[in-house]
Amino acid sequence: MHSNLIEKKEKLAVIGLGYVGLPIALEFARKMDVIGFDINQSRVEMMNNNVDPSNELESSDFEGKTIKFTSNLQDLKAAKFFVVAVPTPIDESNRPDLTPLLAASKTVGKVLKSGDYVVFESTVYPGCTEEDCIPVLEKESGLKAGKDFHVGYSPERINPGDKVHTLQNVVKVVSGDTETSLDQIAKVYEEVVGAGVHRASSIKVAEAAKIIENTQRDVNISLINELSKIFNKLDINTYEVLEAAGTKWNFLNFKPGLVGGHCIGVDPYYLTYKAKQLGYHAEIINSGRSVNDSMGFYIGKQTVKRMIGQGKNMNESKVLIMGATFKENVSDIRNSKVIDLINELKSFSVAVDVIDPHASSEEMKKEYGVELAKSTAEDYDAVIVAVNHQEYLNLEEKDFKAYLKDGNGVFVDIKGVFKNKILELEYWSL
């Protein structure tokens, strides 16, 4: 399989061209003939015009690649090696929503042929590939996994907005359903991952390795978030505590904040769901999720508390929130916890304006029913820097004072980036 792909005797297809699928499709297209498949025709048209719908890649990244973007199922019949990179979200009850993954499995199953390979990259709970996806592939194709076609799992490790830890320089975990398939899958990925691959002993091990990466970060951040609540009651600054503690060589320097997005804020629920199926209640993981999911509401209450302390009437107060995406310097608003902050302020009858240089007002309206402000005022009672976009980092206290009524009010710096720079306004951070 590896040789045939490199010699361009066979084609590789990537199903799902979001922030994970598109970069890896373009990397493969440096050395192989690639079919990039996405069910969203408007996104396909953008990519055919060298535009990344996720705003992560430049137009130059599309140049010199042998790739065909399509939403036509028939085009997938030409492929022999399939990479599935679709979202794995959660539903309103925080349970895994496998709808996109199973739909993609069904799509691949319809064009699957004897000798084909299917590699899943979507983050799932251990066992999902073999228990949920393979049966769909077998049903649609009439073929048998491990005999007629082969399946592997290689979890994505792409970090949106991160230009340092890219696909090429982060070790890729790979796995396969047989020793032979593992070897072929590893060789295919080694063509595009300069840092090399780690060959996991089984598909379940690879799935588990991915799910604990983000679960570990989630639990660690939840501890710091809880500590920040304690330190707030003690009237000491969390970042000053972290700075002091960080002088010890083995201190883990996690920071407090809003934990959203489609990775850290989602993946732990996949693991706790599977644990519950097995009759085990994951106490630490669930507790961490509870703490992190509460932070938007907590920040809202703390802001209101300080506004009341300044004699503000909540029914007449206005707050400016700077930043709406789930993290800095990206356009992705999925599972952004800024919406919890917005809703908490509104529950106190506070008027809220939200601005963001990266987010789409149309997407915000569709996802959360909140539009971005077209312009800002000069009579806010509080300013909250919720997301540390690059555009905000060089602002000074006078810039924030210009937004506030009479140049005075509450300044909330969630991530503490303006610590020791705000001297006249009432300053608060986690």
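Keep in mind that this is a model prediction, so the values were computed, not measured.

Quick notes on the rules
- Residues numbered from 1 in each chain as written.
- Predicted model: local features only at pLDDT ≥ 70, side-chain atom pairs only at ≥ 80, totals over all residues.
- Heavy atoms only, no water.
- Helix = DSSP H or I, 4+ residues; strand = E, 2+ residues; numbered from the N terminus.
- Rg over C-alpha atoms; globule rule 2.2 N^0.38 Å.
- Buried < 20%, exposed > 50% of the residue type's maximum accessible area, 1.4 Å probe, protein only.
- Expected span 1.5 Å × (residues − 1).
- UniProt positions renumbered as here; feature names shortened; annotations may be inferred.
- Phe/Tyr/Trp six-rings, centres within 6.5 Å; stacked < 30°, edge-to-face > 60°.
- Lys NZ or Arg CZ within 6 Å of the ring centre and 35° of its normal.
- Pairing = 2+ DSSP bridges.
- Salt bridge = Lys/Arg side-chain N within 4 Å of Asp/Glu carboxyl O.
- Core = buried A, V, L, I, M, F, W, Y, C linked by side-chain atoms within 4.5 Å.
- Contact = heavy atoms within 4.5 Å.
- 1 Å grid on protein atoms, 1.4 Å probe; cavity = no way out; pocket = protein on both sides within 12 Å on 5 of 7 lines; lining within 4 Å.
- Points joined across faces, edges and corners; volume = space filled by probe spheres on them.
- Nonpolar A, V, L, I, M, F, W, Y, C, P; charged D, E, K, R; others polar.
- Domains from an automatic or database assignment.
- Polar contact = N/O pair within 3.5 Å; in protein donor to acceptor, adjacent residues only side chain to side chain.

1. Structural notes on the overall build of the protein
For the protein, the helix and strand inventory stands at 15 helices and 13 strands. Since a compact globule built from 430 residues should have a radius of gyration of about 22 Å, the 24 Å found for the protein is in line with a globular shape. Taken along the three principal axes of its C-alpha coordinates, the protein extends 75 × 50 × 40 Å. Here the protein holds 430 residues, and the buried ones make up 53% of them.

2. Comments concerning helix H7 (residues 203–233)
Compared with an ideal rise of 1.5 Å per residue, which puts 31 residues at 45 Å, H7 spans 46 Å between its outermost C-alpha atoms and is within 8% of the ideal. Directly after H7, the chain includes Asp-235, whose backbone phi takes a positive value near 60°.

3. Looking at the UniProt feature "transmembrane region" (unreviewed entry) in the protein
According to UniProt, the positions carrying the feature "transmembrane region" (unreviewed entry) are residues 12–29. What you have in residues 12–29 is 44% helix and 22% strand, and the ends, taken at the C-alpha atoms, are 9 Å apart.

4. Notes on the packing of aromatic side chains
For any two aromatic rings, the description comes down to two numbers: the centre-to-centre distance and the angle of the planes. Per the counting criterion, the structure on display carries 10 aromatic pairs. Aromatic side chains Phe-81 and Tyr-117 sit 5.8 Å apart centroid to centroid with 10° between the ring planes, which places their arrangement in the stacked category. One end of the pair, Phe-81, is in strand E4 (residues 79–84); the other, Tyr-117, is in strand E5 (residues 117–120), with 36 residues separating them in the sequence. According to the relative accessible area criterion, Phe-81 is buried, its value standing at 0%. Tyr-117 sits in the buried class, given a relative accessible area of 7%. Taken together, the ring pairs in this structure connect Phe-400, Phe-411, Phe-418 and Tyr-427 into an aromatic cluster. It is Lys-248 that lies over the ring of Trp-249; its NZ or CZ is 4.3 Å from the centre. Above the ring of Tyr-380, the side-chain terminus of Lys-318 is found at 5.0 Å from the ring centroid.

5. Side note on the pairing of strand E12 (residues 410–413)
Of the two faces of E12, both are covered, the one formed by Val-410 and Val-412 as well as the one formed by Phe-411 and Asp-413. Two elements, strand E11 (residues 382–385) and E12, share 4 bridges in a ladder whose sense is parallel. Opposite Ala-382, over in E12, you have Val-410 as the bridge partner. Bridge count between E12 and strand E13 (residues 426–428): 3 bridges; the pairing is parallel. Looking across to E13, one finds that Val-412 is bridged to Trp-428.

6. Thoughts on the UniProt feature "domain: UDP-glucose/GDP-mannose dehydrogenase C-terminal" (unreviewed entry) in the protein
Mapped onto the present numbering, the UniProt feature "domain: UDP-glucose/GDP-mannose dehydrogenase C-terminal" (unreviewed entry) falls at residues 320–420. Secondary structure over residues 320–420 splits into 27% helix and 16% strand, and the C-alpha atoms at its two ends are 21 Å apart.

7. Quick word on the pattern of salt bridges
Scanning the entire structure with this criterion turns up 28 salt bridges. In this structure, Asp-116 engages Lys-113 in a salt bridge whose closest nitrogen and oxygen atoms are separated by 3.1 Å. Given the relative accessible area of 0%, Asp-116 is considered buried. For Lys-113, a relative accessible area of 27% corresponds to the partly exposed category. Salt bridges linked by common partners bring Asp-218, Arg-289, Asp-293 and Lys-337 together as one network.

8. Details of the nonpolar core
Core analysis: the largest hydrophobic core is formed by 38 residues, its most contacted members being Ile-15, Phe-82, Leu-101 and Phe-120. Excluding residues within four positions of it along the chain, Ile-15 makes contact with Phe-37, Leu-76, Phe-82, Val-83, Val-84, Ala-85, Val-86, Ala-104 and Val-108.

9. Some words on the layout of surface pockets
Empty space among the atoms becomes visible once a probe the size of a water molecule is rolled across them. Its boundaries defined by the atoms lining it, the second largest pocket holds a volume of some 1300 Å³. Together, 42 residues line the second largest pocket, and Asn-159, Arg-217, Ile-264, Lys-327 and Glu-328 are the ones closest to its centre. It is H7 that provides the largest number of residues to the lining of the second largest pocket, a total of 6 residues. Looking at side-chain class alone, the lining of the second largest pocket contains 18 nonpolar, 12 polar and 12 charged residues. Taken domain by domain, the makeup of the lining of the second largest pocket includes at least three residues from each of domain 1 (1–201) and domain 2 (286–429).

10. Re the side chain of Arg-43
Along the chain, Arg-43 turns up in helix H3 (residues 41–48). From its side chain, Arg-43 meets the backbone oxygen of Leu-17 in a polar contact 2.9 Å long. Those residues in contact with Arg-43, other than ones at most four positions away along the chain, are Leu-17, Gly-18, Asp-38, Pro-53 and Ser-54.

11. Here's the deal with empty space enclosed by the protein
In this structure the tally under the stated criterion is 1 cavity of 30 Å³ or more. Approximately 50 Å³ is the volume found for the largest cavity. Contributing to the lining of the largest cavity are Arg-157, Ile-158, Thr-166, Leu-167, Val-170 and Lys-172. A per-class count over the lining of the largest cavity returns 3 nonpolar, 1 polar and 2 charged.

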